[in-house]
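# Structural overview for review
Below are the chains, spelled out letter by letter.
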Amino acid sequence: MTENLNVTIERVDDVPLLLASLERMGVAELIDMHFLPHGNWQGLSPGKVLTGWLSHILSEADHRLNQVQAWAAKRLHTLRSSLDVRVRELDFSDDRLALGLDLLSADENWAQFERALNQRVLRVYTLPSRCVRIDSTTASGYWRVTAEGLFQFGHSKDHRPDLPQVKVVVASLDPLGMPMVTQVLSGEKADDPLYIPAIDEVRAGVGQRGLLYVGDCKLMALATRAHLQTGGDYYLGPFSAVQMPATTLDEYLAPVWTGAQALTGVERPDQDGTMQRIAEGFERSTTVLAVVDGQEVSWVERHLIVRSLAQVASGTAALQRRVEQASAAIRALNGRQRGKVRYTDKTMLQAATEALLQQYAVVGLLTVQYHEQVRERHVRKYRERPAETRQERQVSVSVAPDIEAIAAAIRRLGWRVYGTNCPVEELTLAQAVLAYRAEYLVEHNFGRLKGKPLSLTPMYLEDDMRATGLIRLLSIGLRVLTLLEYRARERLHERGEKLSGVYAGNPTRATEQPTAEMILRCFKDIFLTFVTVGEQTYQHLTPLSELQHKLLALLDFPSEIYTRLTAHSANPP
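Small disclaimer: the values here were computed from a predicted structure and weren't measured.

## Some points on the pattern of salt bridges
Think of it this way: side chains of opposite charge can pair up when their charged atoms draw near. Overall, the coordinates contain 35 salt bridges when judged by the stated rule. For R491, the salt bridge is made with E490, and the minimal N-O distance between the two is 3.4 Å. On the basis of relative accessible area, R491 is assigned to the buried category, the value being 17%. Here the salt bridges do not stand alone but share partners, grouping K157, K167, D191, D216 and K218 into one network.

## Considerations on the sheet that holds strand β16 (residues 536-541)
Strand order in the open sheet formed by three strands is β1-β15-β16, with antiparallel pairing between adjacent strands. The two strands at the open ends of the sheet, each matched to only one other strand, are β1 (5-11) and β16. Strand-to-strand twist in this sheet, taken as the mean axis angle between neighbours without regard to direction, amounts to 15°. Relative to strand β15 (residues 527-533), β1 runs antiparallel, the two sharing seven bridges. By the bridge assignment for β15, I9 is matched with T529.

## Concerning the sheet that holds strand β9 (residues 295-308)
In space, the nine strands of this open sheet follow the order β4-β3-β2-β5-β6-β12-β9-β8-β7, with mixed pairing throughout. Two strands in the sheet have a free side with no partner beyond their single neighbour: β4 (178-186) and β7 (264-269). Going from strand to strand, the sheet's axes swing by 25° on average, the running direction of each strand aside. Looking at chain direction, strand β8 (residues 275-292) and β9 are connected through 14 bridges and run antiparallel. Bridged to R284 within β9 is H303. Contacts from helix α9 (residues 222-230) reach β5 (212-214), β6 (234-238), β8 and β9 within the one sheet, and its direction differs from that of β8 by about 85°.

## Observations regarding the pairing of strand β12 (residues 415-420)
Looking along a regular strand, one sees the side chains alternate between the two faces of the sheet. Burial runs high along β12: five of the six residues are buried. Here three bridges tie β6 to β12, and the two strands are oriented antiparallel to one another. By the bridge assignment for β12, P238 is matched with Y418.

## Structural notes on helix α18 (residues 546-554)
Those residues of α18 that sit buried are Q548, L551, L552 and L554. With its buried residues spanning 160° around the axis, α18 presents them on a single face. Positive backbone phi, at 65°, marks D556, one or two positions downstream of α18.

## Digging into the packing of helix α2 (residues 27-34) against helix α7 (residues 107-125)
Packing of α2 against α7 leaves a shortest axis separation of 10 Å and a crossing angle of 150°. Judged by the angle between their axes, α2 and α7 are roughly antiparallel. Viewed along their axes, α2 and α7 form a crossing whose handedness is right-handed. Contacts from V27, E29, L30, I31 and H34 of α2 reach α7 at N109, Q112, F113, A116, L117 and R120.

## What about the packing of aromatic side chains?
Aromatic rings in a pair are described by how distant their centres are and how their planes are angled relative to each other. Within the structure shown, the criterion is met by six aromatic pairs. Aromatic side chains W110 and F113 sit 5.3 Å apart centroid to centroid with 40° between the ring planes, which places their arrangement in the tilted category. Of the two residues, W110 and F113 are both situated in helix α7; the distance of three residues between them amounts to about one turn of the helix. A residue is classified by how much of its surface remains accessible, and W110, at 3% relative accessible area, is buried. An aromatic cluster is defined as three or more aromatic residues linked by ring pairs; in this entry it consists of F35, W110 and F113.

## So, the nonpolar core
Counting residues in each nonpolar core, the largest one holds 131 residues, and the members touching the most others are L17, W53, F92, L127 and Y562. At 14 residues, helix α16 (residues 464-495) tops the list of elements feeding residues into this core. Beyond its immediate sequence surroundings of up to four residues, Y562 is in contact with V12, D13, D14, V15, P16, L17, F523, I526, L541, L544 and L552. If you look at the next biggest cluster of nonpolar residues, it comprises 20 residues, including L366, V397, A405 and I406.

## A word on the packing of α2 against helix α3 (residues 46-60)
The geometry of α2 relative to α3 is characterised by a closest axis approach of 7 Å and an angle of 135° between their N-to-C directions. In terms of their interaxial angle, α2 and α3 are classed as oblique. Crossing of α2 over α3 shows right-handed handedness. Two secondary-structure elements touch here, α2 through V27, A28, I31 and D32 and α3 through P46, G47, K48, L50 and T51. Residue classes in the contact of α2 with α3 are distributed as five nonpolar, two polar and two charged.

## Observations concerning a nonpolar patch on the surface
A cluster of nonpolar residues, L5, V7 and I9, forms a patch on the protein surface that exposes about 310 Å² of accessible area. Structurally, I9 can be placed in strand β1. For I9, a relative accessible area of 56% puts it in the exposed group.

## A closer look at the side chain of N118
Within the secondary structure, N118 sits in helix α7. Within polar-contact distance, the side chain of N118 engages the side chain of R479 at 3.4 Å. Setting aside its immediate chain neighbours within four residues, N118 contacts P179, M180, G205 and R479.

## A closer look at the environment of L99
As for its placement among the helices and strands, L99 is situated in helix α6 (residues 94-104). Note on L99: relative accessible area 41%, which makes it partly exposed. Here the alpha-carbon distance between L99 and H38, two residues 61 residues apart in the chain, equals 9.0 Å.

The rules behind these values
- Residues numbered from 1 in each chain as written.
- Predicted model: local features only at pLDDT ≥ 70, side-chain atom pairs only at ≥ 80, totals over all residues.
- Heavy atoms only, no water.
- Salt bridge = Lys/Arg side-chain N within 4 Å of Asp/Glu carboxyl O.
- Buried < 20%, exposed > 50% of the residue type's maximum accessible area, 1.4 Å probe, protein only.
- Pairing = 2+ DSSP bridges.
- Helix = DSSP H or I, 4+ residues; strand = E, 2+ residues; numbered from the N terminus.
- Axes fitted to C-alpha atoms, helices over the stretch in contact; angles between N-to-C directions.
- Contact = heavy atoms within 4.5 Å.
- Arc of directions from axis to C-beta.
- Parallel < 35°, antiparallel > 145°, perpendicular 65-115°, else oblique.
- Left-handed = near helix turned anticlockwise from the far one by under 90°.
- Phe/Tyr/Trp six-rings, centres within 6.5 Å; stacked < 30°, edge-to-face > 60°.
- Core = buried A, V, L, I, M, F, W, Y, C linked by side-chain atoms within 4.5 Å.
- Nonpolar A, V, L, I, M, F, W, Y, C, P; charged D, E, K, R; others polar.
- Patch = residues over 30% accessible without salt bridge, like charges linked within 9 Å, V, L, I, M, F, W, Y side chains within 5 Å.
- Areas by Shrake-Rupley, 256 points an atom, 1.4 Å probe, with all protein chains shown as cover.
- Polar contact = N/O pair within 3.5 Å; in protein donor to acceptor, adjacent residues only side chain to side chain.

Set out below in structure tokens:
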């Protein structure tokens, strides 16, 4: 007698790892603690629903609500084993997910949740908390603009001023770049006033002062600097051209030109470990006055005048290239060919020359001279026209590089002034330069938030509340990625090891700094197979590879988060 055979295959991939990471962070528990659902909410709790959705977003790089239910239906056994035994397909319907976003959009609840999450993560991962980076970005889309809506036209960092946008401010903790504060604001708002609320939220979440806040020139607004100073914190950032005009910079640099000011070198190791000089500079001190809550405060501020050697090299090459191009373009004004304007008036030639000097940004770097002459031109007889001699007035231009002006321009390349209130005993000039050079960590976060795997743009939501909730949900996902990355790198550093097998197509290439994306990619193609013969069901999980076992050990997760999928008999989904 032949028994019926039924085979069901469920894709597992990195979902158990992602859910284990979210469980370690306590995300579901904290969401349920700080966001109370409507009384008609049934089934899986909001915390479990949203963490399950986050595992889908991070695994599939897709935040669309209407894609999750079908995804969950194909992974019910995995979700029940890793998330909650009560998981149903309908727990991840788009209506249920939208209600979850409505919960996350509540500002006060989110602030309390974020503080609690920060404190838990700092405790569980024993993270160092000394340096915080603050920056903002914009996300553009084809949204409808309303008078008081979230989506507004403003200065676009996506270079799409024609599209409405939403603004996101992120405060991240060094050295891992984990977001501590995420603020969602309407797209027309200026950046400067947004820093103080973010700083206050970091203070509430971390629960300590004396942190170093690093940011761009918008952080260096006087009100923000005064807020940090009076609150017992430090700041570091560059001054804008408005805050530090060229005349002030020239005053600082005058002793350098005369040789009276010695420069301190800044070095860091390159890829092969060789120390490379990347910058040089010196510092001055000044007293700053400000008014905070009606009271005048003053403090000593260090000005770090720093020259980037990489900017000097690239800037010099670019300047010389512009000088050559401008010289060639100006000389070409003298040429004669069919269809080309012939200049017979000095005023017109001057206007054309000055336009080229502006175009190539070399005003004052070239010596230009204009020449006028009258010459006779013999015209041959042609048919009824007699031969004759005509007088023509011609103007021309000659150009040569101004060596002294070019040398002076090169001498000023690469200089920038940074400000800090941190004592030199805690932050030397070299340390300040290296700290600011790590600002790419924030940009890396924005790249993840707006691109893969979080894929904020394009956003398919038009409702302001739900768009806010989605951005906040994705910020939790960003925390997951940074913590995975930090833990793996920290363990490799402790062991003095490198990890191989994480580069596609190059299994022997090793790294001591694997990214979270690399790690998650290593857990693709893990399948759970159910084979039912008659009334008996057998389960089989794709055996974990040596690399996958090693990654789980680096991340301090037991292999059981995968093997438990077959640890007990269950009906196949």
